[in-house]
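# Commentary on secondary and tertiary structure
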Amino acid sequence: MDSPFRSVSLILFFITTITLSTLAVAQSSTIGVQYISRLLDIQDRERAPPSVQLAAAYAVLQRLLPSHYSAFQFRIISKKQCGGEYCFILRNHPSSYIRGTPEIVISGVTGVEVLAGLHWYLRYWCGSHISWDKTGGVQVASMPKLGSFPRVQDAGVFVKRPIPLNYYQNAVTSSYTFAWWDWKRWEKEIDWMALQGINLPLAFTGQETIWQKVFQKFNISNSDLDDFFGGPGFLAWSRMSNLHGWGGPLPQSWLDQQLVLQKKILVRMYELGMNPVLPAFSGNVPAALQNVFPSAKITQLGNWFSVKSDPRWCCTYLLDATDPLFIEIGRAFIEQQLKEYGRTSHIYNCDTFDENTPPVDSPEYISSLGAAIYSGMQSGDSDAVWLMQGWLFSYDPFWRPPQMKALLHSVPLGKLVVLDLFAEVKPIWSTSKQFYGVPYIWCMLHNFAGNIEMYGILDSIAFGPVEARTSENTTMVGVGMSMEGIEQNPVVYDLMSEMAFQHENVDVKAWINQYSVRRYGRSVPAIQDAWNVLYHTVYNCTDGATDKNRDVIVAFPDVDPSIISVTEGKYQNYGKPVSKKAVLKSETSSYDHPHLWYSTSEVIRALELFIASGNELSASNTYRYDLIDLTRQALAKYANELFLNILEAYQLNDAHGVFQLSRRFLELVEDMDGLLACHDGFLLGPWLESAKQLAQNEEQEKQYEWNARTQITMWFDNTQEEASLLRDYGKWM
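Everything numeric here is computed off the predicted structure, so don't read it as measured data.

Right, let's get into the domain arrangement of the protein. When the domains of the protein are assigned, the result is domain 1 (31-160) and domain 2 (165-506). Distance from the C-alpha centre of domain 1 to the C-alpha centre of domain 2: 30 Å. Contact residues are listed per partner, giving 41 residues for domain 1 and 50 residues for domain 2. With both sides pooled, the region where domain 1 packs onto domain 2 buries about 3700 Å², and carbon together with sulfur makes up 61% of that total. Of all residues in domain 1, Tyr35, Val112 and Trp132 bury the most surface against domain 2, accounting for 21% of the area lost on that side. Joining domain 1 to domain 2, the criterion identifies seven salt bridges. The closest approach of N and O atoms between arginine 63 and glutamate 187, which form a salt bridge, is 3.4 Å. In this structure, the connection of domain 1 to domain 2 is made through 17 residue pairs in polar contact (both at pLDDT 80 or more). Going through the elements one at a time, helix H2 (31-35), helix H3 (37-46), helix H4 (50-64), helix H5 (111-124), strand E5 (129-130) and strand E7 (157-160) are the ones with two or more residues in the side of domain 1 that touches domain 2.

Encoded structure:
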């Protein structure tokens, strides 16, 4: 039978889909890809055998579609069969007309390409949708029955990657999202990664156990490390030299169970043909190392957001990369990982200067630092490649062109790859002559601190990677998703994952129309109209602002109304011709302006269309998630307007108005709580329970729950007089 999605699929990926007869002319190389060709060749040679990858891919299929397992046949093919590139090929099975035989054959260079091909077929021939469980999960109600799967073109469908690498995660995702995950949850995530075509994920779990063993070789005791590692909810920032001890100490049982978990994660990633990125030594050392090596060049860093520079967790220690001890520790760390894990993908992440400014801005000094950092990796793995987050070039004005060049050129060409971390909003590639000739990955950051807010820039995602890849003398080698927290805004990640296989700009209007059909399993015109509104409003943020949910209803209630005046704003809100906006009377105020970049009246119209479609879509879990999320978004923005009305009444000495409006605001809080309780994806309980379930005794349970609660509320330290400087940064809602 023919699928209604078939004609749409041909339009959406016309350029990326070619007949097998033209396979040989397909090329996707850039200058940057040529620079890292040795790394790619080594990874290809060392990849798991085809039989292992096929077994892993079939296991993913079994977990995803147990009732349709027999409809597919998988094959691993060579890059030569893909014209020297990474690709997947869809074909009709030659015996599909015989009852009980497979109907669709999916071939790919690795297990990842095979599963990306499966996802492509499910998406564009079966109208299915795959997202995280918290955001609605998998929509397969539109799947046909066995024996009636839609056929592809007789010649087959060939889809190649326009660029070889597809990166995933941020250095802090491990804490904002993964902190409490067990193997069951990790297995689901690795399945999701493979289906999205991700082949370069970070693998940071369990590294504290490796460090414990490494530092023992340098006469650092386990008790010395109690003050070095952060707690389970704050490990990302203790790894980056931002803090120490906060939320700790780590129980030995935590260290042991995390190492076991990491080994399972790596085995599965390797089985699927992924190339996990392991951590490398950045210079972050425990204070006790000064006592063991008194002549070492160890510097105490400045305060990172703690109140009054509390020494219990402030001001970490950094070993200068030019000190000979740096290379010794760097080599020991790489070698210990190889000993524990048995293999490596030869690519390592290190971010020595992430929100930590070098002490000297001399290009010569910076070049020596970069060279030494890489030497630490190379001394443990002669084929090592350094993967560096490019956030420092956006965040810190220290990095002017001479300093940036000095760091980037301190490593042999092809041995450093930079993540253009925030490319959808503030691309560095276009202002740095393509990172001054160094290979880079175009990344979508999108989310800060795991905050929940409907937000995105779909147009930028749809053309940004293509623009960068096709620019003159491009050194781009991949695309990536570098969000700080996941399990939100599934539409954004659905489009971004697709860009790993798109050769041309995507027509977002056509894409969004089909997205709603795939997400809910059926075509509902009102819903398609609603999504078209959302595309032009919520998902069209072009103000260049860093989005983080700053809505009043989820903020710490510490605003002094006397320091805010209320003026007229520029947006229409809830039927009013203009809205009010807050203006600070004092620049030192803690009030953080809510972010509003669209007409709320238009979004209310989209919500009305969603509600009107309830009778047709009420059985859809993806619809229920989106309906609640959109309602939450509308109520949160309304709460901002209501808050300003309260302030205005206060400043007019209108006690009755303050009372009535405040009561309405508190009722709105209760309404929001009731709304969010309607879907598991918005509940706080699972976050807290997953933390407690990792505990092995009552003391650990209290510690882990404290970590989980603190991260999403006060975040860091505070005193009776001063609230945490990072309060609200990691809001749950």
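This next bit is on the environment of methionine 274. Structurally, methionine 274 is set in the loop between helix H11 (252-271) and strand E10 (278-279). On the basis of relative accessibility, which here comes to 2%, the residue methionine 274 falls in the buried class. Between the C-alpha atoms of methionine 274 and arginine 727, which are 453 residues apart in sequence, the distance is 37 Å. Those residues within four positions of methionine 274 in sequence are excluded, and the remaining contacts are Val112, Ile190, Met193, Ala194, Ile198, Asn199, Pro201, Met269 and Ser345.

Time to look at the state of the cysteines. For the structure on display, the rule yields two disulfides. The disulfide bridge from cysteine 82 ends at cysteine 87, spanning 1.8 Å between sulfur atoms. Taking the torsion about the sulfur-sulfur bond, which here is approximately -55 degrees, the covalent link between cysteine 82 and cysteine 87 counts as left-handed. On the accessibility criterion, cysteine 82 (0% relative accessible area) is buried.

Turning next to unusual backbone geometry. The linkage connecting glycine 248 with the following residue, proline 249, adopts the cis geometry, with an omega of 0 degrees. Mapping proline 249 onto the fold places it in the loop between helix H10 (235-239) and H11. Here the phi dihedral of glutamine 434 falls at roughly 55 degrees; this positive angle occurs in a residue that is not glycine. Along the chain, glutamine 434 falls in helix H17 (residues 433-437).

Position of histidine 129 relative to the elements: it lies in strand E5. Through-space distance from the C-alpha of histidine 129 to that of valine 517 is 9.1 Å; in sequence the pair is 388 residues apart. When near neighbours in sequence (up to four residues on either side) are disregarded, histidine 129 contacts Gly137, Val138, Gln139, Asp494, Tyr515, Arg518, Arg519 and Thr622. Within the structure, histidine 129 has its side chain in polar contact with the side chain of arginine 519 (distance 3.0 Å).

What follows deals with the packing of aromatic side chains. Taken as a whole and judged by the stated rule, the model has 58 aromatic pairs. A centroid spacing of 6.3 Å and a plane angle of 55 degrees characterise the contact between phenylalanine 234 and tryptophan 237, whose relative ring orientation is tilted. Exposure remark for phenylalanine 234: the relative accessible area of 0% places this residue in the buried category. Grouped by ring-pair contacts, the aromatic residues Tyr176, Phe234, Trp237, Trp246, Trp304, Phe305, Trp313, Trp706, Trp715 and Phe716 constitute a single cluster. Geometry around tryptophan 181 places arginine 185 over its ring, the cationic atom sitting 3.9 Å from the centre. Between arginine 343 and the ring centre of tyrosine 270, over which it is positioned, the NZ or CZ distance is 3.9 Å.

Pairing within the open sheet is antiparallel, and its three strands lie in the order E11-E13-E12. Two strands bound the open sheet, and with one partner strand each, they are strand E11 (284-285) and strand E12 (298-300). The pairing of E11 with strand E13 (residues 317-319) spans two bridges and is antiparallel. Residue pairing across strands places valine 285 opposite tyrosine 317, the latter belonging to E13.

A separate point is the nonpolar core. Of all hydrophobic cores here, the largest spans 219 residues; its most connected members are Phe72 and Phe393. When residues in this core are grouped by element, the largest group, nine residues, is from H5. In terms of nonpolar packing, the next biggest core, distinct from the first, is built from 23 residues, Ala636, Leu661, Met672 and Phe682 among them.

Moving on to helix H21 (residues 525-536). For an α-helix, 3.6 residues make a turn, and residues three or four places apart therefore share a direction. Between its first and last C-alpha, H21 extends 17 Å over twelve residues, near the 16 Å set by a 1.5 Å rise per residue. Residues of H21 that are buried include every one of Ile527, Gln528, Ala530, Trp531, Leu534 and Tyr535, and no others. Summarising the axial view, the buried residues of H21 lie within an arc of 160 degrees, below the 170-degree limit, and thus occupy one face. Buried residues in H21 make contact with helix H18 (458-469), helix H19 (490-498), helix H20 (508-520), helix H22 (600-612), helix H23 (614-617) and helix H24 (621-651).

This paragraph deals with the packing of helix H26 (residues 685-692) against helix H27 (residues 698-711). In contact at an axis separation of 8 Å, H26 and H27 are set at 145 degrees when each is read in the N-to-C sense. Considering the relative orientation of H26 and H27, their crossing is right-handed. Contact residues: Trp687, Leu688, Ala691 and Lys692 in H26; Glu701, Tyr704, Glu705, Ala708, Arg709 and Gln711 in H27. Across the contact of H26 with H27, the residue classes break down as five nonpolar, one polar and four charged.

Attention now moves to the pattern of salt bridges. Tallied over the entire structure, the rule returns 31 salt bridges. Between glutamate 453 and lysine 637 there is a salt bridge, with the nearest N and O atoms lying 2.7 Å from each other. Residue glutamate 453 is located in the loop between strand E17 (440-444) and H18, and its partner lysine 637 is located in helix H24; the two are separated by 184 residues in the primary sequence. Relative accessible area serves as the criterion here: at 4%, lysine 637 is assigned to the buried category. In this structure, the salt-bridge partner of glutamate 698 is lysine 702, at a minimum N-O distance of 3.8 Å. Of this pair, glutamate 698 and lysine 702 both sit in helix H27, separated by four residues, roughly a single helical turn. Judged by relative accessible area, which is 57%, glutamate 698 ranks as exposed. With relative accessibility at 55%, the residue lysine 702 sits in the exposed group.

Rules used in this analysis
- Residues numbered from 1 in each chain as written.
- Predicted model: local features only at pLDDT ≥ 70, side-chain atom pairs only at ≥ 80, totals over all residues.
- Heavy atoms only, no water.
- Domains from an automatic or database assignment.
- Contact = heavy atoms within 4.5 Å.
- Buried area = accessible area lost by both parts, 1.4 Å probe.
- Salt bridge = Lys/Arg side-chain N within 4 Å of Asp/Glu carboxyl O.
- Polar contact = N/O pair within 3.5 Å; in protein donor to acceptor, adjacent residues only side chain to side chain.
- Helix = DSSP H or I, 4+ residues; strand = E, 2+ residues; numbered from the N terminus.
- Buried < 20%, exposed > 50% of the residue type's maximum accessible area, 1.4 Å probe, protein only.
- Disulfide = S-S within 2.5 Å.
- Phe/Tyr/Trp six-rings, centres within 6.5 Å; stacked < 30°, edge-to-face > 60°.
- Lys NZ or Arg CZ within 6 Å of the ring centre and 35° of its normal.
- Pairing = 2+ DSSP bridges.
- Core = buried A, V, L, I, M, F, W, Y, C linked by side-chain atoms within 4.5 Å.
- Expected span 1.5 Å × (residues − 1).
- Arc of directions from axis to C-beta.
- Axes fitted to C-alpha atoms, helices over the stretch in contact; angles between N-to-C directions.
- Left-handed = near helix turned anticlockwise from the far one by under 90°.
- Nonpolar A, V, L, I, M, F, W, Y, C, P; charged D, E, K, R; others polar.

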